[in-house]
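# Coordinates in review
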Amino acid sequence: MSLTRTYDPQNIFARIIRGDAPCYRLYEDEDVLAFLDLYPQSYGHTLVIPKRSAACNLLDVDTDALCRVMAVVQLLARAIVEELQPDGVQVSQFNGTAAGQTVFHIHFHIVPRYE
Ligand code: AMP
């Protein structure tokens, strides 16, 4: 079951964190990385991930890493709203294949929405 799978260190986001795969980096600190989604749902679609937590999803991520990620989600949502002036901004996070998750390293989507 994809909700309780073992973390795969070869997943694409783990490779991006290690520098083994490219990304368009928007933000990085010791704990959190944010980059543009390769297949954006809208202009400015951003992904935010923990760098040091080998967690597949919300169920197995440690709370401290989750809090650090969420602080950056808010920081970037504010920056995206200021910079891109969308009409709305959607923040989402999927857990398990049945919920639409395709990359099994926990991540949050920030999707600016335009009328
Ligand atoms: P999810 O469906 O929540 O697992 O979202 C995974 C997201 O990762 C999708 O929106 C993909 O477009 C995106 N994605 C997949 N591969 C890459 C990549 N190499 N760089 C940036 N985004 C990616």
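Please read these numbers as outputs of a predicted model, since none were measured by experiment.

Calculation rules
Residues numbered from 1 in each chain as written. Predicted model: local features only at pLDDT ≥ 70, side-chain atom pairs only at ≥ 80, totals over all residues. Heavy atoms only, no water. Helix = DSSP H or I, 4+ residues; strand = E, 2+ residues; numbered from the N terminus. Rg over C-alpha atoms; globule rule 2.2 N^0.38 Å. Buried < 20%, exposed > 50% of the residue type's maximum accessible area, 1.4 Å probe, protein only. Contact = heavy atoms within 4.5 Å. Areas by Shrake-Rupley, 256 points an atom, 1.4 Å probe, with all protein chains shown as cover. Lys, Arg positive; Asp, Glu negative; His and termini not counted. Charge placed at Lys NZ, Arg CZ, Asp CG, Glu CD. Pairing = 2+ DSSP bridges. Salt bridge = Lys/Arg side-chain N within 4 Å of Asp/Glu carboxyl O. Near = heavy atom within 4 Å. Polar contact = N/O pair within 3.5 Å; in protein donor to acceptor, adjacent residues only side chain to side chain.

## So, the overall build of the protein chain
Summing up its helical and strand segments, the protein chain has two helices and five strands in all. The order of α-helices and β-strands along the protein chain, N terminus first, is α-β-β-β-α-β-β. Radius of gyration (C-alpha) of the protein chain: 14 Å, near the 13 Å computed for a compact globule of 115 residues. C-alpha extents for the protein chain along the principal axes are approximately 40 × 30 × 25 Å. A total of 115 residues make up the protein chain; the buried ones form 43% of that total. Once local pairs closer than 6 in sequence are excluded, the contacts in the protein chain between residues at least 24 apart make up 56%. For the protein chain, the exposed surface amounts to about 6700 Å²; the carbon and sulfur share of it is 54%. The protein chain carries 9 positive and 14 negative side-chain charges, and their two centres are separated by 5 Å.

## Details of the pairing of strand β3 (residues 46-50)
Of all five residues making up β3, five are buried, and the element is well covered by its neighbours. Of the strand pairs in this sheet, strand β2 (residues 32-36) and β3 are connected by five bridges, and their pairing is antiparallel. Note that in β3 the partner of Val32 across the bridge is Pro50. Examined bridge by bridge, β3 and strand β5 (residues 108-113) share three bridges and lie antiparallel to one another. Note on β5: the bridge partner recorded for Val48 is Phe108.

## Some points on the pattern of salt bridges
A complete count under the given rule lists seven salt bridges for this structure. Among the salt bridges present, the one from Asp20 reaches Arg18, with a minimum N-O distance of 3.1 Å. Using a relative accessible area of 42% as the deciding quantity, one classes Arg18 as partly exposed. Taking the shortest distance from any N to any O, the salt bridge between Glu28 and Arg25 comes out at 2.7 Å. On the basis of relative accessibility, which here comes to 37%, the residue Glu28 falls in the partly exposed class. Residue class for Arg25 comes out partly exposed when judged on its relative accessible area of 38%.

## Description of the site of the ligand
In the vicinity of the ligand lie 16 residues, with Asp37, Gly100, Thr102, His107 and His109 positioned nearest. Separating an oxygen atom of the ligand from a side-chain N or O atom of Asp37 is a distance of 2.5 Å. Starting from 510 Å² of accessible surface for the ligand in isolation, the protein chains cover 86%. The greatest single-element share of the shell around the ligand, amounting to three residues, is contributed by helix α1 (residues 12-18).

## Things to note about the pairing of β2
Among the five residues that make up β2, four are buried, leaving the element largely enclosed by the rest of the structure. The pairing of strand β1 (residues 25-28) with β2 spans three bridges and is classified as antiparallel. Bridge pairing links Arg25 to Phe35 in β2. In textbook terms, the turn of a hairpin is the stretch between consecutive antiparallel strands, and for β1 and β2 this stretch comprises three residues.

So, to be careful, I would describe these as geometric facts and stop short of saying anything about function.
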